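Take a look at the letters that make up each chain.
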Amino acid sequence: MDYQNLLADRTNLMQANAIREILKVVSNPEIISLAGGIPSPESFPMDIIQELTNNVLKKYKSTAFQYDLTEGFLPLQKQISILLEARGIKALPDAVNITSGSQGVLDAIAKLTISKGDKIALEAPTYLGALSAFNPYEPRYISMDMDDEGLIPESLELTLNAHEIKFIYLVPTFQNPTGRSLSLERRIQIADIIQKHNVLLVEDDPYSALRYKGDPLPAIQTLAPDHVIYISTLSKVFAPGLRIGFYAAPKFLREWLVLVKQGVDLHTSTFNQALAAEYLEGNYLSTHLPRIINIYRPRQKAMLDALNRLLPQGFSCAPSDGGMFLWVKGPRGFKALSLYDKAIENGVAFVPGQFFYTHPKEGLETMRLNYTMADEATIETGIEKLAAAIRTVQG
Ligand SMILES: Cc1ncc(COP(=O)(O)O)c(C=O)c1O
């Protein structure tokens, strides 16, 4: 049978995640991986899962195993509404929808809004998983400039003046891949710009709870609620395998997004939502989150200190106040991809930053480093190996 013939046109733009390919070597335990993008298993609250499960069985009985509403399991919607209120986001329980990870709503937004050729404005670099969600619907990407403080508002303004944009996609806080955060001043400017141009912003916020220093910054949603779909997740503060994401959106869009989700999975796992509801309602998150931060904060510091001490001349890494990643920039002309083999030979892996750009010639001199998966001593050794590999390739 000619299986190729079965494929729809939209598969032209679906491709294997380049990072997955490059990471295949990383399963070798001899190699220190700074290439991952996942939370540490040590951050999962394994010690309370049994208790949570018992509570769920007692409280919800068979309801936790039944089909449920597409919008979400009401006790979890209530808890997420409270969690969002603490972030300054006003959304009543029935205005909070639960999805299968934040990835689930990125896909639903794409399916709902993108017709072939529609333009989406993105930070350069951006989160690859968002591109995987958007690509099948064949959009055109307009990339906007960033600096160490995140998206440059003037670049957004220029983009909106020059193009008709379907939506803007941003990760404003501790961005994947750069770890950068938009300053308050820029958030206010961006909120003003999107309202002036009457354009939708998809604000993806999986990392803001992982703050290691400094004061919280308001979500852009709080500054322009009618123009923002705010997305977040319990993946980084509970367990990613449970696939609990959520969003707040203007009513019109929310109702459509529910229709889209109905056709995909009817609803997110009732049992997992009940477990998450119990995690929040029982105040387990508020005691567990400081433990997660206590694991990651010293790891981030160890990586930054080692980079500052060991990176050769011409290389730099801007500090970040939270999240899971640091972003290293090499001198002009440096190609991070050609460092990769030498780094693996030395026993360390990273992700060349070029994979996070939509234009093939951008970001060649950059690298994404993850610090959640290794302890401080391992991170330091990893950076020593990386610095040695850089010195070798630079001669
Ligand atoms: C920016 C960003 N958005 C969304 C996700 C997906 O998270 P979830 O597990 O909630 O689907 C990730 C995961 O790494 C991410 O970095």
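Preceding block: the structure.
Residues numbered from 1 in each chain as written. Predicted model: local features only at pLDDT ≥ 70, side-chain atom pairs only at ≥ 80, totals over all residues. Heavy atoms only, no water.

**Comments concerning the packing of helix H3 (residues 74-86) against helix H9 (residues 270-281)**
Between H3 and H9, the least distance of the axes is 8 Å, while the angle of their chain directions is 40°. When the axes of H3 and H9 are compared, the pair comes out oblique. Our pair here, H3 against H9, has a crossing hand that is left-handed. The segment H3 lies against H9, with Pro-75, Leu-76, Gln-79, Ile-80 and Leu-83 engaging Gln-273, Ala-276, Ala-277, Leu-280 and Glu-281. (Axes fitted to C-alpha atoms, helices over the stretch in contact; angles between N-to-C directions. Helix = DSSP H or I, 4+ residues; strand = E, 2+ residues; numbered from the N terminus. Parallel < 35°, antiparallel > 145°, perpendicular 65-115°, else oblique. Left-handed = near helix turned anticlockwise from the far one by under 90°. Contact = heavy atoms within 4.5 Å.)

**Things to note about the environment of Glu-30**
Considering the arrangement of structural elements, one finds Glu-30 in the loop between helix H1 (18-23) and strand E1 (32-33). Distance from Glu-30 to Asn-346, taken between C-alpha atoms, is 9.9 Å for residues 316 residues apart in sequence.

**Regarding the nonpolar core**
The biggest cluster of nonpolar side chains holds 128 residues, and the ones touching the most others in it are Phe-134, Ile-168 and Met-367. In contact with Phe-134, other than residues within four places in its own chain, are Leu-106, Ala-110, Ile-114, Ile-120, Leu-122, Pro-139, Tyr-141, Phe-167 and Tyr-169. (Core = buried A, V, L, I, M, F, W, Y, C linked by side-chain atoms within 4.5 Å. Buried < 20%, exposed > 50% of the residue type's maximum accessible area, 1.4 Å probe, protein only.)

**Some points on the packing of aromatic side chains**
Using the criterion set out here, one finds ten aromatic pairs in the structure. Ring geometry for Tyr-60 against Phe-73: centres 5.1 Å apart, planes inclined by 75°, an arrangement best described as edge-to-face. In this pair, Tyr-60 is assigned in helix H2 (residues 46-60) and Phe-73 in the loop between H2 and H3, connecting sequence segments 13 residues apart. Of the two residues, Tyr-60 and Phe-73, both sit in the buried class. Taking 5.6 Å as the distance between ring centres and 85° as the angle between the ring planes, the aromatic pair formed by Phe-134 and Tyr-169 counts as edge-to-face. You can see Phe-134 sitting in helix H5 (residues 128-134) and its partner Tyr-169 sitting in strand E7 (residues 165-170), a full 35 residues away along the chain. Classification of Phe-134 as buried rests on a relative accessible area of 0%. (Phe/Tyr/Trp six-rings, centres within 6.5 Å; stacked < 30°, edge-to-face > 60°.)

**Observations regarding the environment of Leu-7**
Summarising the element assignment, Leu-7 is placed in the segment before H1. Note: C-alpha distance between Leu-7 and Asn-283 (276 residues apart in sequence) is 48 Å.

**Some thoughts on H9**
With twelve residues, H9 should cover 16 Å at 1.5 Å per step; its first-to-last C-alpha distance of 16 Å lies within 8% of that length. Among the twelve residues of H9, ten are classified as buried, and the element is accordingly described as predominantly covered. Looking only at H9, the buried set comprises Thr-270, Asn-272, Gln-273, Ala-274, Leu-275, Ala-276, Ala-277, Glu-278, Tyr-279 and Leu-280. Once H9 finishes, Asn-283 follows within two positions and takes phi at roughly 60°, a positive value. (Expected span 1.5 Å × (residues − 1).)

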